[in-house]
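What follows is each chain in one-letter form.
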Amino acid sequence: MTETVIPAGQRIRVALLGCGRISKNHFDALAKLPGLQLVAVCDSIAERAQLAGTQYDVPWFTSYEQMLADVPSDAVIIATPSGLHPQHGIVAAKTGRHVISEKPMAISLVAADALVQACDDHHVHLFVVKQNRLNPPIVLLKRAIDRGRFGRIYMANCTVRWTRPQDYYDQAPWRGTWEFDGGAFMNQASHYVDLVQWLVGPVESVMAKTATMARRIEAEDSGAAVLKFRSGAIGVIEVTMLTFPRNLEGSITILGEKGSVKIGGTAVNKVEHWTFADYDDDDKLVEQANTNPPSVYGFGHEGYYRNVESVLRGDALPDTDGRAGRKSLELILGIYESAKTGRDVPLPLRINI
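Figured I'd write up the structure that's included with this text.

## Description of a nonpolar patch on the surface
A contiguous nonpolar patch, built from Y154, M155, V226, I234 and L255 and spanning about 390 Å² of accessible area, is present on the exposed surface. Topologically, M155 is positioned in strand 7 (residues 153-161).

In structure tokens, the structure reads:
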């Protein structure tokens, strides 16, 4: 790939498409990084676009094509409904802009592959936002795994016990639909599915059950998946949006022959258990790694954009590119396939769905 490097003295101009729930995290992160500059915003709902444009003193649009035509930019943040990420990203790539896609990058592998191909063809970077990988406790956990501190990993458990009331789904007609969103695994828990496969390694097969028990949506509000990793380890992912009365936990636990760790809190933001057979200097960093984010989105967007800037300056590789984003999408689709068929589903998937 031969992307153009943006020199250090030049600010990286970023436009944003989709001024909904997650956009504030992007706006806040950009405001803290002087090398990046928000230059325009767009949303199909005029009031939302105008509010963001006025607040951040940038031009606002209701037409995506008009924004791209009128305002020069180096990259576009895609923060629209999940099912629209690929087509919006492809439009940006065709104009030579780098693509920063919120999770998930797509809700089908065919669409994900089309987005990756478009970015390759037009020599632009594709970034997929996976900010939880940058949570300080997760950084410590990843380092412990990479250093072999667990020895052989036996079990990996991921638990997302959150609440999303019916009025959350009713705020936008695309939420909870198969065409534009997916359910608890695809939307709310996608970061956690990503963490499990990123930390513990490739998944060999998955068996899953899902249910829609209390929300008036097409997709699932709860589910559980049992994973068999290629290493022989077993994993469990438990997800629900029905926890009473508020978010309870977003956690990951790794159990190995020489170590046991649980990262908990509401969004993998606190080290709740950290025990290893052998000492490492990282053990002294555990207490200060704990954070108390104001929401389940955490503080990771700022760190994510630091990587984006370093990549576009030619100083680093992407933390999570399109191919990395595809891996967690494939696992989620495997979970859905198993829940639909009642069968153990091997990975990689044999068909692009």
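## Considering the sheet that holds strand 10 (residues 234-240)
Spatially, 13-12-11-7-10-9-8-14 is the arrangement adopted by the 8 strands of the open sheet, whose pairing is mixed. The strands lining the two open edges of the sheet, one partner per strand, are strand 13 (270-276) and strand 14 (345-346). With 8 bridges connecting them, strand 7 and strand 11 (residues 249-256) associate as antiparallel partners. Counterpart to C158 in the pairing with strand 11 is I252. Across the sheet, helix 8 (residues 190-200) is in contact with strand 7, strand 8 (203-211), strand 9 (222-229), strand 10 and strand 11; its angle to strand 11 comes to roughly 15 degrees. Helix-sheet contacts for helix 11 (residues 322-341) involve strand 8, strand 9 and strand 14, and the interaxial angle to strand 8 is about 55 degrees.

## Notes on the pairing of strand 12 (residues 259-264)
As judged from the 4 bridges shared by strand 11 and strand 12, these two strands associate in the antiparallel manner. Looking across to strand 12, one finds that T253 is bridged to K262. The hairpin formed by strand 11 and strand 12 contains 2 residues between the paired strands. Bridging between strand 12 and strand 13 involves 6 bridges; their strand directions are antiparallel. Across the sheet, residue K262 finds its bridge partner in strand 13, namely H273. In textbook terms, the turn of a hairpin is the stretch between consecutive antiparallel strands, and for strand 12 and strand 13 this stretch comprises 5 residues, one of which, G265, has a positive phi near 80 degrees.

## Re the pairing of strand 5 (residues 98-101)
Of the two faces of strand 5, the one carrying H98 and I100 and the one carrying V99 and S101 are both buried. For strand 5 and strand 6 (residues 126-128), the ladder comprises 3 bridges, and the chain directions are parallel. Looking at the pairing, V99 lines up with L126 of strand 6.

## Overview of the pattern of salt bridges
The tally for this structure, following the rule as stated, stands at 21 salt bridges. Put simply, R133 and D194 hold a salt bridge, and the shortest N to O gap is 2.8 Å. Taken together, the residues span a long stretch of sequence, with R133 in the loop between strand 6 and helix 6 (136-146) and D194 in helix 8 at a distance of 61 residues. Classification of R133 by relative accessible area gives buried; the value is 8%.

## Structural notes on the layout of surface pockets
Reported here for the largest pocket is a volume of approximately 770 Å³. Lining the largest pocket are 39 residues, with R21, A79, T80, P81 and W174 sitting closest to its centre. Those elements that place two or more of their residues in the lining of the largest pocket are helix 4 (85-94) and helix 8. Tallied by class, the residues present in the lining of the largest pocket amount to 17 nonpolar, 15 polar and 7 charged. If you add up the space inside the second largest pocket, you get close to 280 Å³. Considering the residues around the second largest pocket, the lining is formed by 13 residues, among which Q197, G201, P202, V203 and K327 are closest to the centre. For the lining of the second largest pocket, the leading source of residues is helix 11, giving 4 residues. Across the lining of the second largest pocket, the residue classes tally to 7 nonpolar, 2 polar and 4 charged.

## A word on the state of the cysteines
Taken as a whole, this structure holds 0 disulfides when the rule is applied. C119 takes part in no disulfide bond, and the closest cysteine sulfur to it belongs to C42, at a distance of 18 Å.

## Points about the sheet that holds strand 2 (residues 36-42)
Ordered by their spatial adjacency, 6 strands build an open sheet running 3-2-1-4-5-6, and the pairing between neighbours is parallel. In this open sheet, the two strands that pair with only one neighbour each are strand 3 (60-61) and strand 6. Bridge count between strand 1 (residues 12-17) and strand 2: 6 bridges; the pairing is parallel. Opposite I12, over in strand 2, you have L36 as the bridge partner.

The rules we used
- Here the residue numbering is sequential within each chain, running from 1 through the sequence in written order.
- Given that this is a predicted model, residues contribute local features only at a pLDDT of at least 70 and side-chain atom pairs are listed and counted only at 80 or more, while totals for whole chains, interfaces and linings are drawn from all residues.
- Working from all heavy atoms in the structure, the side-chain values ignore hydrogens and water.
- A patch is a set of surface residues, each over 30% in relative accessible area and not in a salt bridge, joined within 9 Å for like charges and within 5 Å for the nonpolar side chains Val, Leu, Ile, Met, Phe, Trp and Tyr.
- Here the accessible surface of atoms and residues is derived via Shrake-Rupley with a 1.4 Å probe, and residues count as covered only by protein chains that are part of the display.
- We define a salt bridge as a side-chain nitrogen of Lys or Arg found within 4 Å of a carboxyl oxygen belonging to Asp or Glu.
- Segments assigned H or I by DSSP are reported as helices when at least four residues long, segments assigned E as strands when at least two residues long, and all are numbered from the N terminus.
- Pairing between two strands requires that DSSP report at least two bridges joining them.
- The contact criterion used throughout is that any non-hydrogen atoms of two residues lie within 4.5 Å.
- For helices, the axis comes from a line fit to the C-alpha atoms of the stretch in contact; other axes are also lines fit to C-alpha atoms, and the angle between any two N-to-C directions lies between 0 and 180 degrees.
- Type-normalised accessible area, obtained with a 1.4 Å probe on protein chains alone, sets the label of each residue: buried when under 20%, exposed when over 50%, and partly exposed for intermediate values.
- Only protein atoms enter the calculation, which uses a 1 Å grid: trapped sets of points that fit a 1.4 Å probe without letting it out are cavities, open sets showing protein on both sides within 12 Å along at least five of seven lines are pockets, and any residue with an atom within 4 Å of a point is a lining residue.
- Grid points are joined across faces, edges and corners, and a volume is the space filled by probe spheres set on the points.
- Side-chain classes are defined by residue name, with Ala, Val, Leu, Ile, Met, Phe, Trp, Tyr, Cys and Pro counting as nonpolar, Asp, Glu, Lys and Arg as charged, and the others, Gly among them, as polar.
- For the purposes of this analysis, a disulfide is any pair of cysteine sulfur atoms at a distance within 2.5 Å.

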